[in-house]
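Residue-level listing of the chains:
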Amino acid sequence: MATNGKKATAGHQVAWVFDLNKCIGCQTCSVACKVLWNEGDEGSEHMWWMTVNTQPGKGTPKDWESMGGGYSNGELQLGKLPTAEEFGGGWDYNYDEVLHGGKGRSVHLQKIAGSKTWGPNWDEDEGGGEWPNAYFFYLPRLCNHCTDASCLEACPVGALVKREEDGLVLRNEDVCEGNQLCAAACPYKKIYFNAPRGVSQQCIGCFPRIEKGVAPACVRQCPGRAAFVGFIDDETSLVHRLVNQWKVAVPLHPEYGTKPNVFYVPPLAPAPLNPDGSANENADRIPPQYLESLFGKDVHGALANLKAELAKKRRGEASEVMDALILYEWKDALGPFSKDPAELVWK
Ligand code: SF4
Ligand code: SF4
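Throughout what follows, the structure given in this document is the object of discussion. Please read all numbers here as calculations on a predicted model, not as lab measurements. (Residues numbered from 1 in each chain as written. Chains lettered and ligands numbered in written order. Predicted model: local features only at pLDDT ≥ 70, side-chain atom pairs only at ≥ 80, totals over all residues. Heavy atoms only, no water.)

Broken down by element type, the chain carries 11 helices and 12 strands. In summary, the chain has a C-alpha radius of gyration of 21 Å against a globular reference of 20 Å for 347 residues, a match within 12%. Considered along the principal axes of its C-alpha atoms, the chain spans approximately 65 × 60 × 50 Å. The burial tally for the chain puts 47% of its 347 residues in the buried class. Total accessible area on the chain stands at roughly 16,700 Å², and carbon and sulfur atoms take up 52% of it. Measuring between centres, the 35 positive side-chain charges of the chain sit 1 Å from its 44 negative side-chain charges. (Helix = DSSP H or I, 4+ residues; strand = E, 2+ residues; numbered from the N terminus. Rg over C-alpha atoms; globule rule 2.2 N^0.38 Å. Buried < 20%, exposed > 50% of the residue type's maximum accessible area, 1.4 Å probe, protein only. Areas by Shrake-Rupley, 256 points an atom, 1.4 Å probe, with all protein chains shown as cover. Lys, Arg positive; Asp, Glu negative; His and termini not counted. Charge placed at Lys NZ, Arg CZ, Asp CG, Glu CD.)

What follows is the structure, encoded as structure tokens:
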């Protein structure tokens, strides 16, 4: 395997936390990112660096969790390269025929031939479980700016770097040769290919904003107050406290071995119903095994910690954790990146 074999470290590490109990799946983060970084840029039409999928679901690209990559026993793995069809995209309807075709009620809206068979949010709100105990939740996903970034090690020409000052994994597009080994090695399948330019591309962590003390667009624009950002190595930061001190946030698929820097407060759900319609307070609506398959064994501790803090609040006791998650002051979610982008002079 022709890779550069290099690992990289950083002095500081920007990290994200998404509270899955507060994410409402509105896609504001996805759209904020799209509009800011890849709208109207030829070759990036299909790119959604930020995506929010419904779980359980096949996600974006379709069935990405079965595509491989990351590390196994410390060895770099090259997985599958997602196809354009697996990434999917929008599709068109027969608007002209229905609205201007003069056929009245004899025709109805339908997808036109040649439309995509999958899209970034194809299985939205389908979820899992059986009525009346169905469940679903939303999972915002972006590049994890991993501590052990397999994309970086896989690149044979050294186009990817992990920045010392913030740990963001960035690409030098002048060096990138578009061989897509990075995309094969990324287990989260968060790298896209820009065919006209012949380069791979992924989330840049909004580094021009980070450098000016402005939070990434996905965090700042989140109306659900579900997203947090900060330096994970800063012990006073909310991201550090949520992950390392209070232990209520866990990474997605830690078994992939890349040490991701996006963390999730796992979802709770109402108690499932017994056949007579009463609530079964001793059972979980979302199967804990399912959550373990996503977030690893630590998810059980995170859920227990979360439930204990919730119980405190319900008893009228103080809970620093719940107060942090409720986020009375939305700017508290932005850590050291609380500057208003509208007040800055961008050059
Ligand atoms: S903007 Fe916030 S609430 Fe909306 S989908 Fe994204 S993370 Fe969830
Ligand atoms: S999520 Fe993928 S693209 Fe992003 S740093 Fe990790 S391995 Fe690289």
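Around ligand 2 lies a shell formed by Cys-143, Asn-144, His-145, Cys-146, Ala-149, Ser-150, Cys-151, Val-169, Cys-186, Tyr-188, Ile-191 and Gln-202. The residue inventory of the shell around ligand 2, partitioned by class, reads eight nonpolar, four polar and no charged. (Near = heavy atom within 4 Å. Nonpolar A, V, L, I, M, F, W, Y, C, P; charged D, E, K, R; others polar.)

Close to ligand 1 lie 13 residues, the nearest being Cys-23, Cys-26, Gln-27, Cys-29 and Cys-222. Residue composition of the shell around ligand 1, grouped by class: nine nonpolar, four polar and no charged.

In this structure, Trp-16, Phe-18 and Phe-295 are the most contacted members of the largest nonpolar core, which totals 62 residues. A per-element tally of this core places helix 9 (residues 288-295) first, with four residues. If we ignore the near neighbours within four places in the chain, the residues touching Phe-295 are Leu-20, Leu-139, Val-250, Pro-251, Leu-252, His-253, Pro-254 and Tyr-264. The next biggest cluster of nonpolar side chains, apart from the first, holds 20 residues, and it includes Ala-15, Ala-249, Phe-263 and Val-265. (Core = buried A, V, L, I, M, F, W, Y, C linked by side-chain atoms within 4.5 Å. Contact = heavy atoms within 4.5 Å.)

This part is about helix 8 (residues 238-245). All buried positions along helix 8 are accounted for by Leu-238, Val-239, His-240, Leu-242 and Val-243. Those residues of helix 8 that are buried are in contact with strand 1 (14-19), strand 10 (227-231), strand 12 (262-265) and helix 11 (320-326).

In space, the four strands of this open sheet follow the order 10-1-12-11, with mixed pairing throughout. If you trace the sheet from one side to the other, it starts and ends with strand 10 and strand 11 (250-251), each paired once. (Pairing = 2+ DSSP bridges.)

Here we come to the packing of aromatic side chains. Applying the stated criterion to the full structure yields 11 aromatic pairs. Between the aromatic rings of Phe-18 and Tyr-264, the centroid separation amounts to 6.1 Å while the plane-to-plane angle is 25°, which identifies the pairing as stacked. Taken together, the residues span a long stretch of sequence, with Phe-18 in strand 1 and Tyr-264 in strand 12 at a distance of 246 residues. For the residue pair Phe-18 and Tyr-264, the accessibility class agrees, reading buried in each case. Taking NZ or CZ as reference, Lys-34 lies 5.3 Å from the ring centre of Trp-48, over its face. Between Arg-141 and the ring centre of Trp-64, over which it is positioned, the NZ or CZ distance is 3.6 Å. (Phe/Tyr/Trp six-rings, centres within 6.5 Å; stacked < 30°, edge-to-face > 60°. Lys NZ or Arg CZ within 6 Å of the ring centre and 35° of its normal.)

What follows covers the environment of Ile-286. Mapped onto the secondary structure, Ile-286 falls in the loop between strand 12 and helix 9. Other than its neighbours up to four places away in sequence, Ile-286 contacts Tyr-135, Phe-137, Pro-267, Leu-268, Ala-269 and Leu-291.

Let us now look at the pairing of strand 10. Counted residue by residue, strand 10 has five buried out of five residues, so it is predominantly covered. Neither face of strand 10 is exposed, since Ala-227, Val-229 and Phe-231 on one face and Phe-228 and Gly-230 on the opposite face are all buried. Where strand 1 meets strand 10, five bridges bridge the pair, whose relative direction is antiparallel. Looking at strand 10, one finds that Trp-16 is bridged to Val-229.

Closest axis-to-axis distance for the helix 9/helix 10 (residues 298-314) pair is 8 Å, and the angle between their directions is 120°. The angle between the axes of helix 9 and helix 10 places the two elements in the oblique class. Within the contact between the two elements, helix 9 uses Pro-288, Leu-291, Glu-292 and Phe-295 and helix 10 uses Val-299, His-300 and Leu-303. Broken down by class, the residue content of the contact of helix 9 with helix 10 amounts to five nonpolar, one polar and one charged. (Axes fitted to C-alpha atoms, helices over the stretch in contact; angles between N-to-C directions. Parallel < 35°, antiparallel > 145°, perpendicular 65-115°, else oblique.)

When the charged atoms of two side chains with opposite charge come close together, those side chains can pair. Using the criterion set out here, one finds 16 salt bridges in the structure. A salt bridge links Glu-165 to Arg-163, with the nearest nitrogen and oxygen atoms 3.6 Å apart. We note a salt bridge from Lys-307 to Asp-284, for which the minimum N-O separation is 3.2 Å. Here Lys-307, found in helix 10, pairs with Asp-284, found in the loop between strand 12 and helix 9; they are 23 residues apart in sequence, far enough to count as distant. Exposure remark for Lys-307: the relative accessible area of 40% places this residue in the partly exposed category. (Salt bridge = Lys/Arg side-chain N within 4 Å of Asp/Glu carboxyl O.)

The next subject is helix 10. For helix 10, which comprises 17 residues, the first-to-last C-alpha distance of 25 Å matches the rise-based estimate of 24 Å (1.5 Å per residue) to within 8%. For helix 10, the full list of buried residues reads Val-299, Ala-302, Leu-303, Leu-306 and Glu-309. Taken end-on, helix 10 shows its buried residues confined to a sector of 130°, consistent with a single buried face. Those residues of helix 10 that are buried lie in contact with strand 11, strand 12, helix 9 and helix 11. (Expected span 1.5 Å × (residues − 1). Arc of directions from axis to C-beta.)

Of all six residues in strand 1, six are buried; the element is thus mostly enclosed. Residues of strand 1 alternate between two faces, with Val-14, Trp-16 and Phe-18 on one and Ala-15, Val-17 and Asp-19 on the opposite face, all of them buried. Taken together, the four bridges between strand 1 and strand 12 define a ladder with parallel strand orientation. For Asp-19, the partnering residue across the bridge sits in strand 12 and is Val-265.

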